[in-house]
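Working through the structure, step by step
Here are the chains, one letter per residue:
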Amino acid sequence: MEIKYSKRKQELRSDPVMEGIVNARDFVRENSNTLLSVVIVALLVVGGFAAYTHVKRSSQERAADAFGKAITAYAAGNNARAVEAFSLVADKYRSAPQAAYAAYILGHLYLGQGNFDEAATWFEVAVNHKNGGFVSGEALESLALCYEAKNDLARAFEYLQKALAEKSVKYRHPAIRWKLALLSRKMGRHEQMRQYCQAILSDTLASQYRQKAENLLAELKVL
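Everything in this summary refers to the structure shown in the same document. (Residues numbered from 1 in each chain as written. Predicted model: local features only at pLDDT ≥ 70, side-chain atom pairs only at ≥ 80, totals over all residues. Heavy atoms only, no water.)

Counting secondary structure elements, the protein contains 12 helices and 0 strands. In sequence order, the protein lays out its α and β elements as α-α-α-α-α-α-α-α-α-α-α-α. Across the 223 residues that make up the protein, the buried fraction comes to 48%. Pairs at least 24 apart in sequence give 50% of the contacts found in the protein among residues at least 6 apart. Within the structure as shown, the protein displays about 11700 Å² of accessible surface, and the carbon and sulfur contribution to it stands at 52%. (Helix = DSSP H or I, 4+ residues; strand = E, 2+ residues; numbered from the N terminus. Buried < 20%, exposed > 50% of the residue type's maximum accessible area, 1.4 Å probe, protein only. Contact = heavy atoms within 4.5 Å. Areas by Shrake-Rupley, 256 points an atom, 1.4 Å probe, with all protein chains shown as cover.)

Okay, here's the thing in structure tokens:
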């Protein structure tokens, strides 16, 4: 199996565009475990790689090429170059899925800088992109982060509820319910907090948050 993988990797490296994508994918996969990095790997495998392989000599190919170069800059730690490259993808290839991917990553880059307004602007682009796929759902949760950081808890709550209704990010629903429970507590919405905690307890896939939900419910009893 390893021999086959190595042979395939050598074939990909004969193409400079694919070499950059493979290098970036490997770097992100091996050196980071953040949610953003997981999303980037998924985009490379499902989005960039598949699009590049199956849609040749088209604007989609150029979008995949530009996105691969942006990812390479990001993986190399050159954030200034990455912002420039992702902005190019988002602006020049607006109808391509890569525009939504680029907007999502730009949002996280600005979020990491504490520039919550700029981050929210790019997350909105990702949310509203018609070809955004699961990234649109992910961006809803990220928008909630922006507004919570700005202490606009009502807007954060609104975006988390929208994310919870998004089927494309169903695997994130336990985490989103937990965030909604915590926001409900901050906002004094104790009944909503109870409902989200109970939903976690009844979800067999939410084992990571079960004890936390039980503790929060116990806390509610003494309020």
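Past the structure itself, the notes keep going.
Further remarks concern the packing of helix α11 (residues 190–201) against helix α12 (residues 207–221). At a closest axis distance of 9 Å, the pairing of α11 and α12 adopts a crossing angle of 150°. When the axis of α11 is compared with that of α12, the two are roughly antiparallel. When the axes of α11 and α12 are compared, the crossing they make is left-handed. Residue-level contacts link His 190, Met 193, Arg 194, Cys 197, Gln 198, Ile 200 and Leu 201 of α11 to Tyr 209, Arg 210, Ala 213, Glu 214, Leu 216, Leu 217 and Leu 220 of α12. (Axes fitted to C-alpha atoms, helices over the stretch in contact; angles between N-to-C directions. Parallel < 35°, antiparallel > 145°, perpendicular 65-115°, else oblique. Left-handed = near helix turned anticlockwise from the far one by under 90°.)

Summed over the entire model, instances satisfying the criterion amount to 11 salt bridges. When the shortest N-O distance is used, the salt bridge between Lys 69 and Asp 65 registers 3.7 Å. Placement of the pair is Lys 69 and Asp 65 together in helix α4 (residues 59–75), with a separation of 4 residues, close to one helical turn. In this structure Lys 69 comes out as exposed when scored by relative accessible area, which is 53%. A salt bridge links Glu 158 to Lys 162, with the nearest nitrogen and oxygen atoms 3.4 Å apart. Linking Glu 158 with Lys 162, this pair stays in helix α9 (residues 153–164), spanning 4 residues, or about one helical turn. Residues participating in the shared-partner salt-bridge network are Glu 141, Arg 172 and Lys 179. (Salt bridge = Lys/Arg side-chain N within 4 Å of Asp/Glu carboxyl O.)

As a further point, take the packing of aromatic side chains. Under the definition given, this model contains 5 aromatic pairs. For the ring pair Phe 157 and Tyr 196, a centre distance of 6.3 Å and an interplane angle of 70° mean the geometry is edge-to-face. Remark: Tyr 196 occurs in helix α11 and Phe 157 occurs in helix α9; sequence separation between them is 39 residues. Cluster of aromatic residues (ring-pair linked, three or more members): Phe 67, Phe 86 and Tyr 101. Note that Arg 155 overlies the ring of Tyr 147, its terminal NZ or CZ placed 4.4 Å from the centroid. For the cation-ring pair, Arg 189 lies above Phe 157, with the distance from its terminal atom to the ring centre recorded as 4.8 Å. (Phe/Tyr/Trp six-rings, centres within 6.5 Å; stacked < 30°, edge-to-face > 60°. Lys NZ or Arg CZ within 6 Å of the ring centre and 35° of its normal.)

The end-to-end C-alpha distance of α4 is 24 Å, a good match for the 24 Å that 17 residues give at a rise of 1.5 Å each. When you tally the buried positions in α4, you get 12 out of 17 residues, the bulk of the element. Inspection of α4 places Gln 60, Ala 63, Ala 64, Asp 65, Ala 66, Phe 67, Gly 68, Ala 70, Ile 71, Ala 73, Tyr 74 and Ala 75 among the buried residues, and these make up the whole buried set. Just downstream of α4, Gly 77 is the residue with a positive phi angle, here 85°. (Expected span 1.5 Å × (residues − 1).)

Let us look at the packing of helix α7 (residues 116–128) against helix α8 (residues 134–149). Their axes nearest at 8 Å, the elements α7 and α8 cross at an angle of 160°. In terms of orientation, α7 and α8 fall into the roughly antiparallel class. The handedness of the crossing between α7 and α8 comes out as left-handed. Contacts between α7 and α8 involve Phe 116, Ala 119, Ala 120, Phe 123, Glu 124, Ala 126 and Val 127 on the former and, on the latter, Val 135, Ser 136, Ala 139, Leu 140, Ser 142, Leu 143, Cys 146, Tyr 147 and Ala 149. Among the residues making up the contact of α7 with α8, the classes are represented as 13 nonpolar, 2 polar and 1 charged. (Nonpolar A, V, L, I, M, F, W, Y, C, P; charged D, E, K, R; others polar.)

This part is about the nonpolar core. One finds Phe 86 and Phe 123 to be the most contacted residues of the largest nonpolar core, which totals 61 residues. Looking at which element gives the most residues to this core, the answer is helix α6 (residues 97–112), with 10 residues. Beyond its immediate chain neighbours, meaning those up to four positions away, Phe 123 contacts Ala 103, Tyr 104, Gly 107, His 108, Leu 111, Ala 139, Ser 142, Leu 143 and Cys 146. (Core = buried A, V, L, I, M, F, W, Y, C linked by side-chain atoms within 4.5 Å.)

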